[in-house]
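Structural overview for review
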Amino acid sequence: MQEPVFSYVPGASLLHRLDPRTKIVAVMLLGFLTFRIENFAEIGVLFAFFFALALLSGLPMRVFFRAVKPMRLFIIFIFLAQLFFTDGRALVSYWILQPSLEGLEIGLKLAARFILLLLFAALLTASTDPSAITCGIERMLRPLPLRLLGISSFELATMMNISIAFLPLLFERVERTKAAQAARGMDFVKNPFRSVPALAIPLLRGVIRDAEELALAMESRGYQGSRRTSIHELSMQKNDWKALLILALFIIFILVL
Amino acid sequence: MIRLEEVSYSYPDGTPALENINLTVKKGEFLGIIGKNGSGKSTLALQLNGLLKPQTGRVKIRGMDTRDPSKLPGIRKLVGVVFQNPETQFVGRTIEEDLAFGPENLCLPPVEIKKCVDMALAETGLQKYKYRSPKTLSGGQGQCVALAGILAMSPECLIFDEITSMLDPESGKAVLETIKKLHKKGKTVVYITHNLEELYDADRIIVMEKGKIRLEGEPESVFSNPSLQALGLALPSVIELAELLKTHGMVIPWEKTFSPKSFAEELCRLFLKT
Ligand SMILES: Nc1ncnc2c1ncn2[C@@H]1O[C@H](COP(=O)(O)OP(=O)(O)OP(=O)(O)O)[C@@H](O)[C@H]1O
Ligand SMILES: [Mg+2]
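Residues numbered from 1 in each chain as written. Chains lettered and ligands numbered in written order. Predicted model: local features only at pLDDT ≥ 70, side-chain atom pairs only at ≥ 80, totals over all residues. Heavy atoms only, no water.

A closer look at the overall build of chain B
Note the threshold: Here a strand is any run of E in DSSP of at least two residues, a helix any run of H or I of at least four, and the numbering for each starts at the N terminus. Atoms counted for the radius of gyration: C-alpha only. Globule rule: 2.2 Å times the number of residues to the power 0.38. Only protein chains enter the accessibility calculation, which uses a 1.4 Å probe; a residue is then buried when its area is under 20% of its type maximum, exposed when over 50%, and partly exposed in between. Any two residues having at least one pair of non-hydrogen atoms within 4.5 Å are treated as being in contact. What sets the accessible areas is the Shrake-Rupley method with a 1.4 Å probe; for residues, cover comes only from the shown protein chains. Neither His nor the chain ends contribute to the count of charged residues, in which Lys and Arg are positive and Asp and Glu negative. Working definition for charges: the position is that of NZ of Lys, CZ of Arg, CG of Asp or CD of Glu.
If you tally the helices and strands in chain B, you get nine helices and 10 strands. Expected size for 274 residues packed as a compact globule is a radius of gyration near 19 Å; at 20 Å, chain B falls within 12% of this value. By its C-alpha atoms, chain B is 65 × 45 × 30 Å across when sized along the principal axes. Going through the 274 residues of chain B one by one, you find that 55% of them count as buried. Sequence-distant contacts in chain B: of pairs separated by 6 or more residues, those separated by 24 or more amount to 63%. Surface summary for chain B: the accessible area is close to 12,100 Å², and the carbon and sulfur share equals 55%. For chain B, the centre of its 35 positive side-chain charges and the centre of its 34 negative side-chain charges are spaced 4 Å apart.

Thoughts on the sheet that holds strand β4 (residues 56–61) of chain B
Note: strands within a sheet are paired through backbone hydrogen bonds, in either parallel or antiparallel orientation. All names here are of chain B. Counted only if it meets this: When DSSP finds at least two bridges between two strands, those strands are taken to pair.
Strand order in this open sheet of four strands is β2-β1-β4-β5, and the pairing throughout is antiparallel. The open sheet has two edge strands, β2 (16–25) and β5 (64–65), and neither has a second partner. The sheet contact formed by strand β1 (residues 2–10) and β2 spans six bridges and is antiparallel. Its bridge partner being in β2, I2 is matched across the sheet by V25.

Re the interface of chain A and chain B
Counted only if it meets this: As a working definition, buried area equals the accessible area (1.4 Å probe) given up by two parts on being put together, with both sides summed. Counted as salt bridges are all cases of a side-chain nitrogen of Lys or Arg within 4 Å of a carboxyl oxygen of Asp or Glu. Two N or O atoms count as a polar contact when they lie within 3.5 Å, although within protein this holds only if one can serve as hydrogen donor and the other as acceptor, and sequence-adjacent residues are included solely when both atoms are side-chain atoms. Here the nonpolar group is Ala, Val, Leu, Ile, Met, Phe, Trp, Tyr, Cys and Pro; Asp, Glu, Lys and Arg are the charged ones; every other residue, Gly included, is treated as polar.
Contact with chain A, which involves 32 residues of that partner, is made by 36 residues of chain B. Among the residues chain A hides against chain B, the three largest losses belong to A:S220, A:R221 and A:I231. Together they make up 30% of the total. Our count for the chain A to chain B interface comes out at five salt bridges. In this structure, the salt-bridge partner of A:D129 is B:R93, at a minimum N-O distance of 3.5 Å. On the surface where chain A and chain B come into contact, there are 14 residue pairs in polar contact (both at pLDDT 80 or more). Secondary structure elements with two or more residues in the side of chain A that touches chain B: α7 (130–141), α8 (153–183) and α9 (192–220) of chain A. Here the side of chain A that touches chain B takes nine residues from α8(A), the largest share from any one element. Grouping the amino acids of the side of chain A that touches chain B by side-chain chemistry returns 13 nonpolar, nine polar and 10 charged.

Some points on the nonpolar core
Residue and element names in this part refer to chain B. How we decide: Nonpolar core, defined: a set of buried Ala, Val, Leu, Ile, Met, Phe, Trp, Tyr and Cys residues in which side-chain atoms within 4.5 Å join the residues together. Note that domain bounds follow an automatic or database assignment of domains.
Judged by nonpolar contacts, the single largest core of 54 residues is most densely connected at F160, I179, Y191 and V207. Here the element with the most residues in this core is helix α5 (residues 139–151); it accounts for seven residues. For this core, the two domains that each supply at least three residues are domain 1 (2–235) and domain 2 (236–274). If we skip the residues at most four places from it in the chain, Y191 touches F30, L31, G32, I33, F160, I163, T164, L176, I179, E198 and L199.

Details of the site of ligand 1
All names here are of chain B. Heads up, the rule is: The nearness test applies per residue and asks whether one of its heavy atoms lies within 4 Å of the molecule or strand.
What surrounds ligand 1 is a group of 14 residues, the closest being N37, G38, K41, S42 and T43. Within the contact set of ligand 1, an oxygen atom lies 2.6 Å away from a side-chain nitrogen or oxygen of S42. Between an oxygen atom of ligand 1 and a side-chain N or O atom of T43, the distance comes to 2.4 Å. In isolation ligand 1 has 630 Å² of accessible area, and contact with the protein removes 65% of it. Per-element accounting of the shell around ligand 1 gives the leading share, three residues, to helix α1 (residues 41–47). Across the shell around ligand 1, the residue classes break down as two nonpolar, eight polar and four charged.

Regarding the pairing of strand β10 (residues 212–217) of chain B
All names here are of chain B. Two strands pair when backbone bridges link them, and strand β9 (residues 204–209) and β10 are joined in this way by five bridges, in the antiparallel orientation. By the bridge assignment for β10, M208 is matched with I213. The antiparallel hairpin formed by β9 and β10 contains two residues in its connecting segment, where K210 sits at a positive phi of about 45 degrees.

Notes on a nonpolar patch on the surface
As a reminder, the rule being used: Two distance rules govern patches: like charges are joined within 9 Å, and nonpolar side chains (Val, Leu, Ile, Met, Phe, Trp, Tyr) within 5 Å, applied only to residues with over 30% relative accessible area and no salt bridge.
Where nonpolar side chains cluster on the molecular surface, the patch consists of A:F32, A:I252, A:F253, A:L255, A:V256 and A:L257 and spans about 650 Å² of accessible area. With respect to the helices and strands, the residue A:V256 is situated in helix α10 (residues 238–256).

Focus: the pattern of salt bridges
Residue and element names in this part refer to chain B. Within the structure shown, the criterion is met by 28 salt bridges over all chains. For R269, the salt bridge identified is with E266, shortest N-O distance 2.9 Å. Of this pair, R269 and E266 both sit in helix α9 (residues 260–272), three residues apart, which is roughly one turn of that helix. Here the residues in one salt-bridge network are K27, R62 and E156, joined through shared partners.

A look at the side chain of A:S13
Mapped onto the secondary structure, A:S13 falls in the segment before α1 (14–17). Residues within four places of A:S13 in sequence aside, it is in contact with A:L56 and A:S57.

Notes on unusual backbone geometry
A negative phi angle characterises most non-glycine residues, just as the trans form characterises most peptide bonds. Residues and elements named next belong to chain B. You will see that R62, though not glycine, has its phi angle at about 50 degrees, which is positive. By the element assignment, R62 lies in the loop between β4 and β5. Here the phi dihedral of C107 falls at roughly 60 degrees; this positive angle occurs in a residue that is not glycine. Following the sequence through the fold, C107 ends up in the loop between α3 (95–105) and α4 (110–124).

Here it is in structure tokens:
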């Protein structure tokens, strides 16, 4: 089976043990930083920073590169777009294509930024249990007046958790419905106008029933959408504050120099 | 423990599902509920912890009325329901996380939640699957997880709605054994099924038809009731066998021996010793 992208890999490294909030804030700051940096040296420093953190996580590198792989076409596309559509000194001239030196530079930087963004995000998801991430998000959102939107931070967090747990069931149902329709002689490639509704309608009916049953089971276990606790103990330790301090220094260092 | 008084319920589309049900579930009893498809068993189950509310009449759990929203958290803590389909009862990415869902709703602190989870894992023998994903389990194990998810809230009463109907007989039996063990430890059990064979050991059985209670009593009196087949239910095979033997003139008093094991003992007593 294909290993899922952005999946959690359990471990006991320093990175794993940090509070999810620390890591979420760090990823947000680093994401911000990747779009503020200007020259290749700084990009290089950020890559080095990523590798240092990756080593710290004790996880194999492929865990992180797995996150970049599905986006490679997109990254190549933006690189090429910059390369060919930026005005500047032409590198070569062939037909109407005129890749420019400036285009090469901007394209490379943009591609590097996207890759960095994906890598930092993968660092978070690989070293943090998804439900700890949602728990962390919940705690950070709690002071916000979400009530105005008619939703509580608890509902939001539960929704995220349920989607993570429920999504595989959905894919399984797609496969099952497809197989059932194929068994009745439906050809999905030849006849999309009939086969798409033939797939979508039973699928939708099934999903709605699943969701109703799930909602009932959740309510039966006392879920009300109001205040609830979590099995994850969130507490900012010394290490969390240290990590944030180091990160802040790092960011200032990069932005000032 | 649970008391239903003149409970009637129709679904929003007008389907009447329950009519004037009067029923008391006593503390510590094993109550079996049986009836054919559409007889209102599931609707009744949903009434028992306030997932549906009666349109007329009332349901009280330890004196708490299910129509009073402020009582619902207390009711859900006391009465848990396990449903038919294990897949749509999972809310967690791992078993541990799934079992934590109920205690989290009770707003317990993390340390307590972990204790509840470990207790529920121990009761159902699922310790070694703690960090597995629920999807990777078999149907029988899945139902055990669903049961454990309820147990983690330490309810006094457990409702099971046809939980073995999607399982093979072997794993169905295993789940039923777990439930019987819990009953021996003092849990009140309401066990809904199509299959009379699962109810040999029940303290009391209720037979439903068209939203009404048609028969009620101890297993032997229900099993021997001539109207059972008219209600669309198949007799347990042991009793069917005894009845067939009777038509051939061989009378084996099955009223006290309707589990396969005691029936076999009775046969041996009759034929080997005399
Ligand atoms: N969500 C619903 N909306 C409308 N009618 C419903 C709904 N659920 C059940 N019913 C109807 O209510 C009646 C009782 O259904 P219920 O599910 O309680 O029966 P059951 O004894 O559990 O059947 P089964 O053995 O199939 O599970 C049936 O006539 C059924 O068609
Ligand atoms: Mg039912």
